[in-house]
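Chain by chain, the residues run as shown.
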Amino acid sequence: MSALLEKPEDGFMRAYIGLGGNIGDVYSNFFKALELLDDKPGVKVLKISSVYKTPPWGITNQDWFVNTCAVLDFSISPVSLLEDCLDVEDRLNRARTVRWGPRTMDLDILFIEDFEIKTENLIVPHPRTHLRSFVIKPLYDLNDQLIVQNKTIAQWLESFDKAELDQIVPVAMDETPQLGKAEWRI
Ligand code: A4P
Ligand code: MG
């Protein structure tokens, strides 16, 4: 079931962000990343989905990833939001080496409500969102009715093989310390 959120305040837009990594304590780093983003002027983190262990996509001979999604409201420009995301990646020691390769923290802007852009540095909606079960499954936790590429997240979730979805396992909360703000939990 998805979290029900009030509409954004005047002057704010709503964004869905994908977070992933496969180096270090990724679970804790998700909460560090969201705290750093929430501290940025004009950015308010609202909710984080469940956190999942996921098989590597793209380059498959690397460690399993940990993935999650978050929803946030922002009053800065979408390009400034991307700059904030890149700054947070840098602060969490992200080294940009291999495309789709191992990383401590990747932040992708997946979707911004009522907004589209296609420039060299920013493409929203993120063009690969609907192809990735490790993105669709956590997005479903946040808003199963969000429409991406003319289908709801619920419909995209149904489009994946059961065997693929079964590999995407939530990280049990009782295995993990309580991190971030309590109100972020769905
Ligand atoms: N950029 C353009 N649009 C966006 C957007 N909507 N959000 C530009 C974020 N960035 C956007 O990103 C390169 C540039 O993309 C940014 O500087 C920005 O200007 P990057 O993060 O350095 O490159 P990347 O992540 O290596 O490439 P790419 O294609 O973004 O990779 P993905 O799509 O992020 O995939 N398997 C599992 N299970 N879980 C994962 O999280 N992640 C990847 C990386 C591969 N396999 C995975 C996972
Ligand atoms: Mg990326």
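The preceding data block contains the structure.
Described in the following lines is the structure provided in the data block. (Residues numbered from 1 in each chain as written. Chains lettered and ligands numbered in written order. Predicted model: local features only at pLDDT ≥ 70, side-chain atom pairs only at ≥ 80, totals over all residues. Heavy atoms only, no water.)

1. Digging into the coordination of the magnesium ion (ligand 2)
(1) Moving on: Taken together, the protein ligands of the magnesium ion (ligand 2) are Asp106 (OD) and Asp108 (OD), with distances of 2.5 Å. When sorted by exposure, Asp106 lands in the same class as Asp108, which is buried. (Donors = N, O, S within 2.8 Å, 3.2 Å for Na, K, Ca; no water. Buried < 20%, exposed > 50% of the residue type's maximum accessible area, 1.4 Å probe, protein only.)

2. Some points on the nonpolar core
(1) Moving on: Counting residues in each nonpolar core, the largest one holds 31 residues, and the members touching the most others are Ile17, Leu19, Phe30, Leu72, Leu81, Met105 and Ile109.
(2) Moving on: Put simply, the parts of the chain that give this core at least two residues each are strand 1 (13-21), helix 1 (26-38), strand 2 (43-48), strand 4 (65-74), helix 2 (78-91) and strand 5 (106-112).
(3) Moving on: The dominant element in this core, judged by the number of residues it contributes, is helix 1, at seven residues.
(4) Moving on: When residues no more than four places from it in sequence are discounted, the contact partners of Met105 are Leu19, Gly20, Val26, Asn29, Phe30, Ala33, Glu89, Leu92 and Arg94.
(5) Moving on: Formed by 19 residues, the second largest nonpolar core is a distinct cluster that contains Phe134, Leu146, Val148 and Ile153. (Core = buried A, V, L, I, M, F, W, Y, C linked by side-chain atoms within 4.5 Å. Helix = DSSP H or I, 4+ residues; strand = E, 2+ residues; numbered from the N terminus. Contact = heavy atoms within 4.5 Å.)

3. Quick notes on the pairing of strand 4
(1) Moving on: Counting buried positions over the 10 residues of strand 4 gives 10, a clear majority of the element.
(2) Moving on: Side chains Phe65, Asn67, Cys69, Val71 and Asp73 project from strand 4 onto one buried face, and the interleaved Val66, Thr68, Ala70, Leu72 and Phe74 project onto a second face that is buried too.
(3) Moving on: Where strand 1 meets strand 4, nine bridges bridge the pair, whose relative direction is antiparallel. Looking across to strand 4, one finds that Ala15 is bridged to Leu72.
(4) Moving on: Of the pairings in the sheet, the one linking strand 2 to strand 4 comprises five bridges and is antiparallel in character. When the bridges of strand 4 are listed, Lys47 appears paired with Val71.
(5) Moving on: For strand 3 (residues 52-54) and strand 4, the ladder comprises three bridges, and the chain directions are antiparallel. (Pairing = 2+ DSSP bridges.)

4. A few points about the packing of aromatic side chains
(1) Moving on: Tallying each qualifying case throughout the model produces two aromatic pairs.
(2) Moving on: Measuring from ring centre to ring centre gives 5.4 Å for Tyr27 and Phe31, while their planes differ by 45 degrees; the resulting arrangement is tilted. Of this pair, Tyr27 and Phe31 both sit in helix 1, separated by four residues, roughly a single helical turn.
(3) Moving on: The ring of Phe12 has Lys44 lying over it, and the distance from NZ or CZ to the ring centre is 4.4 Å.
(4) Moving on: One Lys or Arg, Arg132, reaches over the ring of Trp57 and ends 4.1 Å from the middle of that ring. (Phe/Tyr/Trp six-rings, centres within 6.5 Å; stacked < 30°, edge-to-face > 60°. Lys NZ or Arg CZ within 6 Å of the ring centre and 35° of its normal.)

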